[in-house]
Amino acid sequence: MNRSILGKRTILIGCLLSSMAYANEETSAPSVRPGNAASIWELPSDIWGDMGTFVRRIDPKENYPFLLGMTAGTLLLVKYDQKMLNGSQKLARHMGLISDEKNGREGRTILDLSTLGLDMPIRVPANSNSALYFLGDGLTHVSIAGGLALYGSINDDNRSRESAREIMESIISTGIIVQILKRSTGRESPFASTADGGRWRPFPSPSAYNENVPHYDAYPSGHLATAMATVTVLAGNYPEKTYIKPVGYTLMALNAFGMMNNGVHWASDYPLGIAIGWLAADIALERGRKRRQQPQEHAENHSTGFQIDALQPFLQRDGTVGLSAQIDF
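How each quantity is defined
Residues numbered from 1 in each chain as written. Predicted model: local features only at pLDDT ≥ 70, side-chain atom pairs only at ≥ 80, totals over all residues. Heavy atoms only, no water. Axes fitted to C-alpha atoms, helices over the stretch in contact; angles between N-to-C directions. Helix = DSSP H or I, 4+ residues; strand = E, 2+ residues; numbered from the N terminus. Parallel < 35°, antiparallel > 145°, perpendicular 65-115°, else oblique. Left-handed = near helix turned anticlockwise from the far one by under 90°. Contact = heavy atoms within 4.5 Å. Nonpolar A, V, L, I, M, F, W, Y, C, P; charged D, E, K, R; others polar. Salt bridge = Lys/Arg side-chain N within 4 Å of Asp/Glu carboxyl O. Buried < 20%, exposed > 50% of the residue type's maximum accessible area, 1.4 Å probe, protein only. Polar contact = N/O pair within 3.5 Å; in protein donor to acceptor, adjacent residues only side chain to side chain. Expected span 1.5 Å × (residues − 1). Core = buried A, V, L, I, M, F, W, Y, C linked by side-chain atoms within 4.5 Å.

One can describe the packing of helix α6 (residues 158–185) onto helix α8 (residues 222–237) by two numbers: an axis separation of 9 Å at closest approach and a directional angle of 155°. With respect to their mutual orientation, α6 and α8 come out roughly antiparallel. Pair α6 / α8 crosses with right-handed handedness. Here Arg159, Ser163, Glu166, Ile167, Ser170, Ile171, Thr174, Val178 and Lys182 of α6 lie close against α8, whose contacting residues are Gly222, Ala225, Thr226, Ala229, Thr230, Val233, Leu234 and Asn237. Among the residues forming the contact of α6 with α8, the class breakdown is seven nonpolar, seven polar and three charged.

Encoded structure:
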């Protein structure tokens, strides 16, 4: 293998591992204790609160070494993006992952929801490289959350239910933040690029973005952000499962490799995506810890999202008789 290609691939792996190492050092959520899981009706308000917490947590004074390192790493990757992409795709062709006949993004539709008025076909990978790409697909991680929720309901396992909820909370928060940044930076995806490294067209109009998404949505990587969020929640709530991080990070690296092969992302799209996913998950884990530290009676009152706290008769001066109720949401 060409030494320059190997060296630049080493830069990518180093940036990925440094972002993940930071998450390893900072995330130390205990496993979920038995008890009542939070109501699903609280999720929208929690996500709204997460947005404010996310902004407050980005404190340059406190986190400047990490922010400086991530920025420097991203700029270095931007400089070598095209050469790294070419090297990755050359290796992928040698391995048979992509070719002149397959671009590595192919998928098969297994469920068409157009009859319900939804332009959201459910697709599965059609070849090996697209399988690597689907590792970071939102459907993959929603399915993990759904499986945990189902297992938790069947077995009355609060840890599974709470993990499912925190995964959904973190990936929705991640999706909102990533979309804001994509629509702000306007970077071309490699397969649609019109210049080496892709052009940046900041703040495209909503209509321009929606009409030609690949010309504006490369930076940062939503796939890696979503994957990082899921791995972080699982590792935080199942600390005894020591294989979660190494397996999860390996799959993320394969996902990153696959997305360069199929021309969806540049290497420099990854560090910020990883950081966003970790922070969103850490916020969800922290919220869960605080919720479980509240008095048990408070948890019982809010376990269903609806609670009648007081019910008593009343008599008004005009002779009206009735019942008054105090209701908690």
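So, on to the side chain of serine 170. Here serine 170 is to be found in helix α6. Setting aside residues up to four positions removed in sequence, serine 170 forms contacts with Ala229, Val233, Ala280, Ala281 and Ala284.

Counted by the stated rule, this structure contains 16 salt bridges. Here arginine 161 ties to aspartate 156 by a salt bridge, and the two come within 3.4 Å at their closest N and O atoms. Since its relative accessible area comes to 23%, arginine 161 is described here as partly exposed. Note on aspartate 156: relative accessible area 60%, which makes it exposed. Within this structure, Asp46, Asp50, Glu162, Arg165, Glu169, Arg287 and Arg291 form a network of salt bridges that share partners.

Before going further, it helps to examine unusual backbone geometry. Following tyrosine 219, the chain continues into proline 220 via a peptide bond in cis, with omega recorded as -5°. Structurally, proline 220 is set in the loop between α7 (206–211) and α8. For aspartate 156, which is not a glycine, the phi torsion comes out positive at approximately 50°. With respect to the helices and strands, the residue aspartate 156 is situated in the loop between α5 (138–155) and α6. With a phi close to 50°, phenylalanine 203 is a non-glycine residue in the positive phi region. By secondary structure assignment, the location of phenylalanine 203 is in the loop between α6 and α7. Residue phenylalanine 203 is classed as exposed on the basis of its relative accessible area, which comes to 65%.

The subject of this paragraph is the side chain of aspartate 217. Inspection of the secondary structure puts aspartate 217 in the loop between α7 and α8. In this structure the side chain of aspartate 217 is engaged in a polar contact, spanning 3.2 Å, whose partner is the side chain of serine 189. With sequence-adjacent residues up to four places away left out, aspartate 217 is seen in contact with Lys182, Arg187, Ser189, Tyr209 and His265.

Looking now at helix α3 (residues 60–95). For α3, which comprises 36 residues, the first-to-last C-alpha distance of 43 Å sits more than 12% below the rise-based estimate of 52 Å (1.5 Å per residue). The backbone nitrogen of lysine 61 has a side-chain oxygen 3.1 Å away, supplied by the residue at the start of α3, namely aspartate 59. Where α3 ends, the next residue or the one after it, glycine 96, has phi of about 80°, a positive value.

So, about helix α2 (residues 43–57). Counted at 1.5 Å a residue, the expected span for α2 with its 15 residues is 21 Å, and the 20 Å between its end C-alpha atoms agrees. Along α2, the positions that sit buried rather than exposed are Leu43, Asp46, Ile47, Asp50, Met51, Thr53 and Phe54. Looking at the buried side of α2, the elements it contacts are α6 and α10 (270–292).

All right, on to the packing of α5 against α6 then. Orientation of α5 relative to α6, taken along the N-to-C sense of each, is 155°, at an axis distance of 7 Å. The orientation of α5 relative to α6 falls into the category roughly antiparallel. As α5 runs across α6, the sense of the crossing is left-handed. Along its contact with α5, which presents His141, Val142, Ile144, Ala145, Leu148, Ala149, Tyr151, Gly152 and Ser153, the element α6 presents Ser160, Arg161, Ser163, Ala164, Ile167, Met168 and Ile171.

Grouped together as the largest cluster of nonpolar side chains are 47 residues, with contacts concentrated most on Ile167, Leu224 and Met252. Of all the elements in the fold, those that place two or more residues in this core are α2, α3, α4 (128–134), α5, α6, α8, α9 (244–261) and α10. Per-element accounting of this core gives the leading share, 10 residues, to α10. In this structure, Leu97, Ile98, Leu132 and Phe257 belong to the second largest nonpolar core, which totals five residues.

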